[in-house]
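A look at the structure
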Amino acid sequence: MTSTTVKAPRATAERARSAARATDRTRASRGRRGPSDNRIGWGFAAPFTVLFAVFLVWPLLHGFYLSFTGQSLTGQGGELIGVANYAEAFADGDMWRSMLNTLWFTVLSTIPLVVVALVLAILVNTGLPGQWLWRLSFFLPYLLASTVVSLFWIQLYSPTLGPINNVLGTLGLPQPAWLQDPDTAMIAVVATTVWWTVGFNFLLYLAALQNIPDQQYEAASLDGAGRWRSLLSITIPQLGPTTGLIVILQVLASLKVFDQIYQMTTGGPAGSTRSAVQYIFDTGFTGYRFGYSSAISYIFFAVIVVISIAQFSITARNRKGAQK
Amino acid sequence: MTAPAIAPTSDLRAPTADRGRRGHKPGQKPFGPMAVVSVVILVVLAVLWLLPFLWSLATSFKSETDAAATPQTWIPAGGFTLDAYRGVLEQGNIPVWLFNSLFTSIVITVIVVATSALVAYAFSRLDFRGKKWLYVATIASIIIPPQVLIVPLFYQMLAFDMVDTYWGIILPQAIAPAMVFVLKKFFDQVPIELEDAARVDGAGRIRVFFTILLPLSRPILGAVSIFVFIGAWNNFLWPFIVTNDASLLTLPVGLQTIESAYGIQYAQNMAAAVLAALPLILVFLFFQRQIIKGISTTGFGGQ
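Residues numbered from 1 in each chain as written. Chains lettered and ligands numbered in written order. Predicted model: local features only at pLDDT ≥ 70, side-chain atom pairs only at ≥ 80, totals over all residues. Heavy atoms only, no water.

**Quick notes on the overall build of chain A**
Cut-off, in case you're wondering: Starting at the N terminus, helices and strands are each numbered in turn, a helix being any DSSP run of H or I of at least four residues and a strand any DSSP run of E of at least two. Only protein chains enter the area calculation, which uses a 1.4 Å probe; residues under 20% of their type maximum are buried, those over 50% are exposed, and those in between are partly exposed. The criterion used for residue contact is that any of the two residues' heavy atoms lie within 4.5 Å.
Helix and strand counts for chain A come out as 14 helices and zero strands. Helices and strands in chain A line up, N terminus first, as α-α-α-α-α-α-α-α-α-α-α-α-α-α. Split into buried and exposed, the 324 residues of chain A put 51% on the buried side. A sequence separation of at least 24 residues applies to 64% of the contacts in chain A between residues at least 6 apart.

**A word on a nonpolar patch on the surface**
Residue and element names in this part refer to chain B. Spelled out, the test is: Exposure above 30% relative accessible area and the absence of a salt bridge qualify a residue for a patch, where like charges join within 9 Å and nonpolar side chains (Val, Leu, Ile, Met, Phe, Trp, Tyr) within 5 Å. The Shrake-Rupley method, run with a 1.4 Å probe, gives the accessible areas here. Residue values count only the displayed protein chains as cover. The working definition used for a salt bridge is a side-chain nitrogen of Lys or Arg within 4 Å of a carboxyl oxygen of Asp or Glu.
On the surface, a cluster of nonpolar side chains totalling about 820 Å² of accessible area is made up of V43, V47, L48, L51, L54, L57, W74, I75 and F80. Summarising the element assignment, L57 is placed in helix 1 (residues 33-60). Given the relative accessible area of 35%, L57 is considered partly exposed.

**Let's talk about the interface of chain B and chain A**
When the parts of a complex come together, some accessible area is lost, and that lost area is often taken as the interface size. Counted only if it meets this: Note: buried area is the sum, over both parts, of the accessible area (probe 1.4 Å) each one loses when the two are combined. Pairing of N or O atoms within 3.5 Å defines a polar contact, subject to two protein rules: one partner must be a possible hydrogen donor and the other a possible acceptor, and residues neighboring in sequence count only if both atoms are side-chain atoms. Each residue gets one of three labels, nonpolar for Ala, Val, Leu, Ile, Met, Phe, Trp, Tyr, Cys and Pro, charged for Asp, Glu, Lys and Arg, and polar for the others, Gly among them.
Facing 117 residues of chain B, the contacting portion of chain A comprises 114 residues. Of the roughly 10600 Å² buried where chain B meets chain A, counting both sides, 73% is carbon and sulfur surface. Taken together, chain B and chain A are joined by zero salt bridges. Counting every contact that joins chain B to chain A gives nine residue pairs in polar contact (both at pLDDT 80 or more). Top element by residues in the side of chain B that touches chain A is helix 1 of chain B. It accounts for 16 residues. Residue composition of the side of chain B that touches chain A, grouped by class: 75 nonpolar, 27 polar and 15 charged.

**A few points about unusual backbone geometry**
One can expect most non-glycine residues to show negative phi and most peptide bonds to be in trans. Residues and elements named next belong to chain A. Residue G268 is joined to P269 through a cis peptide bond whose omega torsion reads -10°. In this structure, P269 sits in the loop between helix 12 (259-265) and helix 13 (276-285). The backbone of W178 sits at a positive phi, close to 45°, despite the residue not being glycine. W178 sits in the buried class, given a relative accessible area of 16%.

**Notes on the packing of helix 4 (residues 93-124) of chain A against helix 1 of chain B**
Heads up, the condition is: Every axis corresponds to a line fitted to the C-alpha atoms, with the helix fit spanning only the stretch in contact, and the corresponding angles, defined between N-to-C directions, vary from 0 to 180 degrees. Angles below 35 degrees are treated as roughly parallel, those above 145 as roughly antiparallel, those between 65 and 115 as roughly perpendicular, and all remaining angles as oblique. Each crossing gets its hand from how the near helix is turned against the far one by less than a right angle, where anticlockwise is left-handed and clockwise is right-handed.
In the contact formed by helix 4 of chain A and helix 1 of chain B, the axes pass within 10 Å of each other and the chain directions differ by 125°. Considering their axes alone, helix 4 of chain A and helix 1 of chain B lie oblique with respect to each other. Crossing geometry of helix 4 of chain A relative to helix 1 of chain B is assigned as left-handed. Facing V116, L120, L123 and V124 of chain A of helix 4 of chain A, the residues of helix 1 of chain B in contact are S38, I41, L42, L45 and W49 of chain B. By residue class, the composition of the contact of helix 4 of chain A with helix 1 of chain B is eight nonpolar, one polar and no charged.

**Points about the side chain of S293 of chain A**
Locating S293 of chain A in the fold gives a position in helix 14 (residues 290-323). At 3.5 Å, the side chain of S293 of chain A and the side chain of T283 of chain A are in polar contact. Ignoring sequence-local partners within four residues, the contact set of S293 of chain A consists of I280, T283 and G284 of chain A together with V151 of chain B.

**Observations concerning helix 6 (residues 150-160) of chain B**
Every buried residue belonging to helix 6 of chain B is among I150, V151, P152, L153, F154, Q156 and M157 of chain B, and all of these are buried. Of the residues one or two after helix 6 of chain B, D161 of chain B is the one with positive phi, at around 60°.

Below, the structure written as structure tokens:
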């Protein structure tokens, strides 16, 4: 928005400066008006660009190349083998299973991570005293390293020593083996994830809630709307864009799950919780099949790109619809 | 936790927006029946959220015998003891891991913030050949999950002889395209007239950047630093892959090895977890305002 008003004086200053220097510049004599800050611009950009090229762009390209080779950790099998890795991956039941586990985890975790965050934020935002205490309680787990979270929850889920089964036993309810049972392991991991990371979305919602103008609530209450009414017809719609962004980012974050699952179940029992990232890790660093692991990385990357594009276009369409 | 994806929120320039919002919503009774229900639900949830901490804390103060006894109780039969902490600290690894985490996270934060601020300034203010191309590549790369790069990066670390070194931990984590985006958006909002005035007085680009723009950007630089630091401190997958040497492990990776090394020692596991959790909790208690502000202003990052 500032571009038109702001750029004009800068461009003039810029031209004046390069004109002053033109005498000792060979290229300036050509009289072509090109970008004027080449040297200083690249000077500022260089440190980032070098790191970006070496540690991001190069690995990305090299990984793509590796995915067409039979490369192993020992250095053998570096020759090109065409699409054999991709063919193998598409026929690999374990690969599909890890992808499906990942999608299932994403569905199971995203819903509570959005809904619980919203409920917490609305409750905290009603203006209760002790704001810092509520924020602290719900946000604190987010600051813990995954390993700390896993150590805590392995203990809590312990079938015999854990307080969860202790309570269930006292109430006369069944006591599942949680992480050791394929039927409950995924749910247990999801519950831990919600406890761990909901505080982040909670803070985002809280910030968004505080940006809703008071006047809207005042007007509503003058019209005789109660709290429920205001909540449903002001708060929730006003949070729409925030919810859209939180959902997008939560889905992307959940798809990349690895740490807590690997630490709590190593993907077990019987592969029931192994995620796509763990399958990349397992084939690469346990099986030492770098080529095959790279192929799976690229399949996973493609899934992420497709889901991101789908999400962004849905959000964009909703926004356009809302403006009508 | 992985590379943040970011979209700046509207209140980048209005950091005082949440003032004066402590009280109840205008026009509504402070303590109606809804408020009572809210308080009850909130208290229950807060207790639920704090219980895992408290249980782990209680276990860490039990003797190993009590920690393995059935049924488990909050207060152990043999009373509370510091044995588990003594045991963990005697192994001597935790202080080393703590240092490694602190050192690598600080270096990563410094590199990311410095390089991102420089390139963001170039994107925002300077006009150089290839700028558009570089900018598009940077923004597009936000979508790349770092997890898909682990194999080629490890391969690269072997080639650079950086496996089991601090640089091996640090360098692959020292790029954050999302932070470049956040900083560029912020610089775009700083009125250019401030710089023009200084430049008329003869100050060069570099001087303008350091004496005018950076001081104005202190809050956003603080927010970005906190983000990058927490991300680096808690990163597990990459340090786990690139280090093997027990003296080079970071705290999260070190903890992962603890269970197998100590066998099933519940109290010691919990004591180690509590010790590892403490530094960031202390950081949070000191910088609570800045962290919360940072998350609500740099918006959608982290995870």
